[in-house]
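# Observations on chain architecture
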Amino acid sequence: HLPLVLRGWPPPPPPGKLLISEVMYNPAGDEPDGEWIELYNAGGMVLELEEYKLGDEETLGDREGMYQFPVGSVLAPGAVVVIAYQATTFTSLYGLAPDFELRESDPNVPNLAKYTAWSGGNIELSNSGDEVLAIDGNNELLDAVSWGSSNFAFSPAAPGGADGHSIQRSPATNDTNSAQDWVDAGLPQPGQVSLPTPTPTPTPTETATPTS
C-alpha cells in the first residue's frame, strides 16, 4: 500500500504577531532622552516592520507622535527590537546600542520617520498617563499598552510608575489585552523578554522484572 499523504501537511507556521513587550516611560535620568520601547515577534513568521507604525497618539490627526520603520526592517520569530528616543543616551545607560532611534544622535543607528499621515508630533511619554500603540499598514490597531491616567488600552491601567522602572509584558507571550499582562520591573531588560517556563516532560523509568 502507498503511504497516506495528508494535504496541507506539515501545517504552516503561525503568522507573525507583533507585541509591545516593554516600555521605559519614566527613566531615572533625562526625559525624554532616556525613554525607549521594545517590540517582540510572538508569532512564527518574519514580520516586515516597514509596514508597521509605533507611537503614543491614539487619535488620527491629533498632536502626539506616530512613527514608521525604515524600508527593509524585519523582525524574526521570537526576536525583539528596541526603539530608543536617543541612541547615545540609551547606550550610555545599558552598554549596548538600540536597534532604532527617534531622534538622530548616532549615525550607526537607523531612525524611525514621522508618520505624518497620522500625526505630526513627537513620541514623548508622559509619566502621569499615556499609551503606546502599534498599528499596521492599514492603520488598524495591533497592540497597545496604557498606564497612569490613560485607559486607552485597558482599565485598570498597567502597574508601575517609579523612577527608573519599566513596565514589562510577563511572560512576553501573554496577550489578554488587560493589565494582568504587565508587571512593574525595577530592573529593566531591553532586548530580553520573559518567556513561559516549559513544562517538564516526565522521563519514563524502567520497571525491574522480578526473577524467580
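Our structure's up above, just so we're on the same page.
Read on for a plain summary of the structure. (Residues numbered from 1 in each chain as written. Predicted model: local features only at pLDDT ≥ 70, side-chain atom pairs only at ≥ 80, totals over all residues. Heavy atoms only, no water.)

## A short note on unusual backbone geometry
Among all residues except glycine, the phi angle is most often negative; among peptide bonds, the trans geometry is most common. Across the junction of Glu-31 and Pro-32, the peptide omega takes the value 5°, indicating a cis bond. Here the bond from Ser-155 into Pro-156 is cis, since omega is 5°, no more than 30 degrees from zero. In this structure, Pro-156 sits in the loop between strand S11 (141-148) and strand S12 (166-169). For Asn-139, which is not glycine, the phi torsion reads 60° and is therefore positive. With respect to the helices and strands, the residue Asn-139 is situated in the loop between strand S10 (129-135) and S11. With relative accessibility at 26%, the residue Asn-139 sits in the partly exposed group. (Helix = DSSP H or I, 4+ residues; strand = E, 2+ residues; numbered from the N terminus. Buried < 20%, exposed > 50% of the residue type's maximum accessible area, 1.4 Å probe, protein only.)

## Thoughts on the sheet that holds S11
Strand order across the open sheet formed by 5 strands is S9-S5-S4-S10-S11, with antiparallel pairing between neighbours. Two strands lie at the open edges of the sheet, namely strand S9 (113-114) and S11, each paired on one side alone. (Pairing = 2+ DSSP bridges.)

## Things to note about the sheet that holds strand S7 (residues 80-86)
Judged by pairing direction, the sheet is mixed, and its 6 strands sit side by side in the order S8-S7-S2-S1-S12-S13 without closing on themselves. Among the strands making up the open sheet, the edge pair consists of strand S8 (100-103) and strand S13 (182-185). Pairs of neighbouring strands in the sheet enclose a mean axial angle of 25°, with direction left out of account. Where S7 lies against S8, 3 bridges are found, and the strand directions are parallel. Paired with Ala-84 across the strands is Glu-101, a residue of S8. Strand contacts of helix H1 (residues 87-94): strand S1 (18-24), strand S2 (36-41), S7 and S8, with the helix running at about 115° to S7, the strand carrying the most contacts. (Axes fitted to C-alpha atoms, helices over the stretch in contact; angles between N-to-C directions. Contact = heavy atoms within 4.5 Å.)

## Side note on the side chain of Ser-146
Checked against the element boundaries, Ser-146 lands in strand S11. A residue is classified by how much of its surface remains accessible, and Ser-146, at 0% relative accessible area, is buried. Separated by 3.5 Å, the side chain of Ser-146 and the backbone oxygen of Ser-150 make a polar contact. One polar contact links the side chain of Ser-146 to the main-chain amide nitrogen of Ala-153, over a distance of 3.1 Å. Sequence-distant contacts of Ser-146, defined by excluding residues within four places in its chain, comprise Asp-130, Glu-131, Asn-151, Phe-152, Ala-153, Phe-154, Ala-157 and Ala-158. (Polar contact = N/O pair within 3.5 Å; in protein donor to acceptor, adjacent residues only side chain to side chain.)

## Let's talk about the nonpolar core
Formed by 30 residues in total, the largest nonpolar core has its most connected members in Val-23, Leu-39, Phe-69, Ile-83, Val-132 and Val-145. At the level of secondary structure, the elements contributing two or more residues to this core comprise S1, S2, S7, S8, S10 and S11. The residues contacting Leu-39, other than those within four sequence positions of it, are Leu-18, Leu-19, Ile-20, Ser-21, Leu-54, Phe-69, Leu-75, Ala-79, Val-80, Val-81 and Ile-83. Ranked by size, the runner-up nonpolar core spans 6 residues in total, among them Tyr-115, Trp-118, Leu-133 and Ile-135. (Core = buried A, V, L, I, M, F, W, Y, C linked by side-chain atoms within 4.5 Å.)

## With respect to the packing of aromatic side chains
A full pass over the atoms with the stated rule returns 5 aromatic pairs. Between Trp-36 and Phe-90, the ring centres sit 6.0 Å apart and the planes meet at 90°, which makes this aromatic pair edge-to-face. Residue Trp-36 is found in strand S2, and its partner Phe-90 is found in helix H1; the two are separated by 54 residues along the sequence. Residues Trp-36 and Phe-90 agree in their burial class; the two are buried. Seen from their ring centres, Phe-90 and Tyr-94 are 4.8 Å apart, and the 40° between their planes marks the pair as tilted. Taken together, the residues span about one helical turn, with Phe-90 and Tyr-94 both in helix H1 at a distance of 4 residues. Classification of Phe-90 as buried rests on a relative accessible area of 2%. Taken together, the ring pairs connect Trp-36, Phe-90 and Tyr-94 into an aromatic cluster. (Phe/Tyr/Trp six-rings, centres within 6.5 Å; stacked < 30°, edge-to-face > 60°.)

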